[in-house]
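Architecture and fold: a report
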Amino acid sequence: MHPRSQNGDVELPGGARCGALCGVDQKKIEHQTEFDVIVIGGGAVGENVAARAVQGGLRAVIVEAELLGGECSYWACMPSKALLRPGSALAAARRVPGAREAVTGRLDVAEVLKERDAIASDWKDDGQLDWARSSGIAVIKGTARITGPRRVRVEDADGTREITAVQAVVVCTGSAPRTPPIPGLDEIRTWTSRDATSARSVPRRLAVLGGGPVGVELAQAWARLGSNVTLINGGPRLLQSFEDFAGELVAEGLREDGVEVLLDTTLERVGAEAGGIALRTDEGRRIKADELLVATGRSPATHAIGLDVVGLTPGEPLRVDDSGQVTGIEGSWLYAAGDVTGRAPLTHQGKYAARVVGDVIAGRAAGTPEARSASPWSRFAATADHTAVPQVVFTDPEVAAVGFTADAARQAGLRTRVVDLDIAVGGSSVHAKDYRGRARMVVDEDRRVLVGVTFAGYDVAELLHAATIAIVGEVPIDRLWHAVPAYPTISEVWLRLLEKYGL
Ligand SMILES: Cc1cc2nc3c(=O)[nH]c(=O)nc-3n(C[C@H](O)[C@H](O)[C@H](O)COP(=O)(O)OP(=O)(O)OC[C@H]3O[C@@H](n4cnc5c(N)ncnc54)[C@H](O)[C@@H]3O)c2cc1C
Ligand SMILES: NC(=O)c1ccc[n+]([C@@H]2O[C@H](COP(=O)([O-])OP(=O)(O)OC[C@H]3O[C@@H](n4cnc5c(N)ncnc54)[C@H](O)[C@@H]3O)[C@@H](O)[C@H]2O)c1
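Residues numbered from 1 in each chain as written. Chains lettered and ligands numbered in written order. Predicted model: local features only at pLDDT ≥ 70, side-chain atom pairs only at ≥ 80, totals over all residues.

Close to ligand 2 lie 25 residues, the nearest being Gly-210, Gly-212, Pro-213, Gly-234 and Gly-297. If you list the elements that add at least two residues to the shell around ligand 2, you get α8 (213-224) and β17 (390-393). A total of 4 residues in the shell around ligand 2 trace back to one element, the largest contributor, which is α8. Along the lines of polarity and charge, the residues of the shell around ligand 2 split into 11 nonpolar, 12 polar and 2 charged. (Near = placed C-beta within 6 Å. Helix = DSSP H or I, 4+ residues; strand = E, 2+ residues; numbered from the N terminus. Nonpolar A, V, L, I, M, F, W, Y, C, P; charged D, E, K, R; others polar.)

Okay, structure coming up:
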């Protein structure tokens, strides 16, 4: 079988699609000093840029400082979902009478961690290196820094060397956790999401700072594995970028798992104490923990990649147009994709942008006029970033949302109508006893199309793609009426939403 990238998911079956470097001795390639495309950072996004450039006939190299596959494979999406899934499966069985009686045990922590290790490939990237190299993508292990237009310096254990790009340099360096300025925080050892996704034992007491996707997912994962978890969130609700009811349902789910959820709360001070960490909240409450996970957001990783040399500001996101080209740079040679751009910091959306960038660079090198104009909704523009970014938060209950929230749509000046509904259909009643869930659709009344949809409830993740298709396809709501959901599925909620709208 052809090697497959775990999250790059571009299968290059060799031969013609494998590109200019295919079949050439890898060692020789990696000592070359000139490539068509240099990709800095080999996360899911960088891998996809390189794969598309190679499919377009270009010679591409990825420079990766750590593990090929990046955050998502080893310390983010995949291991966090591996930690969550056993708890969700167990809870799902317990919601079904008859199955519930058969499930009497607790999670087997050792087995969960073993499976998590396997899903994170034991933090080894051999499989991804095999995939890249057999796909004709050169990989250099080292830290890259831009030294001028089309020029990059690579530093590794053996020293430094300069490589140049004939066509383009693409920055895909991702993001890094942001640490809030809390007195005492920099004096103690805390968990980042890397520690929380790769830990080898369950902390007895875990404090989680931040109620975004990282905070809520990892709070629930460790609570279900046996930790006594306190979640502290600065804002009045969890998951603040989603509809209000999503954060409320997730807070309810966390509390049922024994998580103490503190809202509108910040930390005034933290410090080490015998055998753990002492936290003091702004209301004077004292909390003791064995570990403190800081999950208060991320910043683009642009501090040390040489942006000053080309007139950009280190630490800032790399602003790009829809073709992925960095704005404010002359000569069409600098591109970026993924978390580093700050556009839509999610793996799937970064990979979408990556496919665009790879195709744009190859298309422009070949003189394809469509690649130069990159018109909206062509395959040379990441147009969906503006209106149709899907996201699932894999807690139990789940949150699945795409497009505008009701507030965001109003702020964007759209004349909207909002339809809310509890998810209570034939499919949900069979799926779980006392199924709990809620759905919202936001309709642009002028165009009579959907601009936003949110589902929050048990096992709603797979409902989302239908909503994404409806928004991207701008399916008129009167035509959507003819997309009949199968009975009895939870998708029947679509029918009820449209009925409530008035169809
Ligand atoms: C705990 C957690 C869970 C998440 N879960 C999900 C999820 O379920 N679904 C989802 O869509 N998103 C999820 N995300 C977000 C997702 O992980 C990111 O959007 C995604 O990893 C971004 O990919 P990227 O390739 O842009 O960056 P990264 O994956 O961070 O890759 C960047 C790569 O660049 C390398 N690099 C950096 N600087 C240099 C340099 N100077 N030279 C060479 N190499 C360099 C790094 O070593 C790294 O390998 C999660 C994030 C976290 C923290
Ligand atoms: N399933 C998924 O798609 C998934 C899962 C995890 C992470 N991610 C992505 O990773 C990125 C990072 O996620 P995140 O949750 O770290 O960031 P975030 O910015 O989404 O959330 C940070 C949270 O921390 C809170 N906060 C900030 N400072 C605080 C302070 N001093 N005290 C208390 N609370 C404070 C904020 O109110 C906010 O709720 C996001 O882009 C997210 O979408 C996605």
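Close to ligand 1 lie 35 residues; Gly-41, Gly-43, Gly-70, Gly-174 and Gly-338 are nearest. When contributions to the shell around ligand 1 are tallied by element, the ones reaching two or more residues are α2 (44-55), β2 (60-64), α3 (70-74), α4 (77-94), β4 (143-148), α7 (193-198) and α10 (347-365). In terms of residue class, the shell around ligand 1 is built from 16 nonpolar, 15 polar and 4 charged.

All right, on to the nonpolar core then. With 150 residues, the main nonpolar core has Val-37, Ile-38, Val-39, Ala-60, Val-170 and Val-208 as its most contacted residues. Ranked by the residues each element gives to this core, the list is headed by α10, at 8 residues. Not counting chain neighbours up to four residues away, the residues in contact with Val-208 comprise Gly-215, Leu-218, Ala-219, Val-229, Leu-231, Ile-232, Leu-293 and Ala-295. (Core = buried A, V, L, I, M, F, W, Y, C linked by C-beta atoms within 7 Å. Buried ≥ 20, exposed ≤ 12 C-beta atoms within 10 Å, placed from the backbone. Contact = placed C-beta atoms within 7 Å.)

Among the secondary structure elements, Ile-119 is positioned in helix α5 (residues 109-119). By C-beta crowding, Ile-119 is classed as partly exposed, having 19 other C-beta atoms within 10 Å. For the pair Ile-119 and Tyr-74, spaced 45 residues apart in the sequence, the C-alpha separation amounts to 8.2 Å. Ile-119 has contacts with Met-78, Pro-79 and Ala-82, leaving out every residue within four places of it along the chain.

Quick look at the UniProt feature "binding site: FAD" (unreviewed entry) in the protein chain now. Residues annotated by UniProt as "binding site: FAD" (unreviewed entry) correspond here to Lys-81, Thr-173, Gly-174, Ser-175 and Asp-339. Spatially, the listed residues are scattered: they cover 259 residues, and their C-alpha atoms lie as much as 22.6 Å apart. In this fold, Thr-173 is placed in the loop between β6 (159-171) and β7 (175-177). Not counting residues up to four positions away in its chain, the partners in contact with Thr-173 are Ile-40, Gly-41, Ala-301, Thr-302, Ile-305 and Val-340. Relative to the helices and strands, Gly-174 is located in the loop between β6 and β7. Given 24 C-beta atoms within 10 Å, Gly-174 falls into the buried group. Excluding residues that lie within four positions of it along the chain, Gly-174 makes contacts with Gly-41, Gly-43, Gly-70, Glu-71, Ala-301, Gly-338, Asp-339 and Val-340. (UniProt positions renumbered as here; feature names shortened; annotations may be inferred.)

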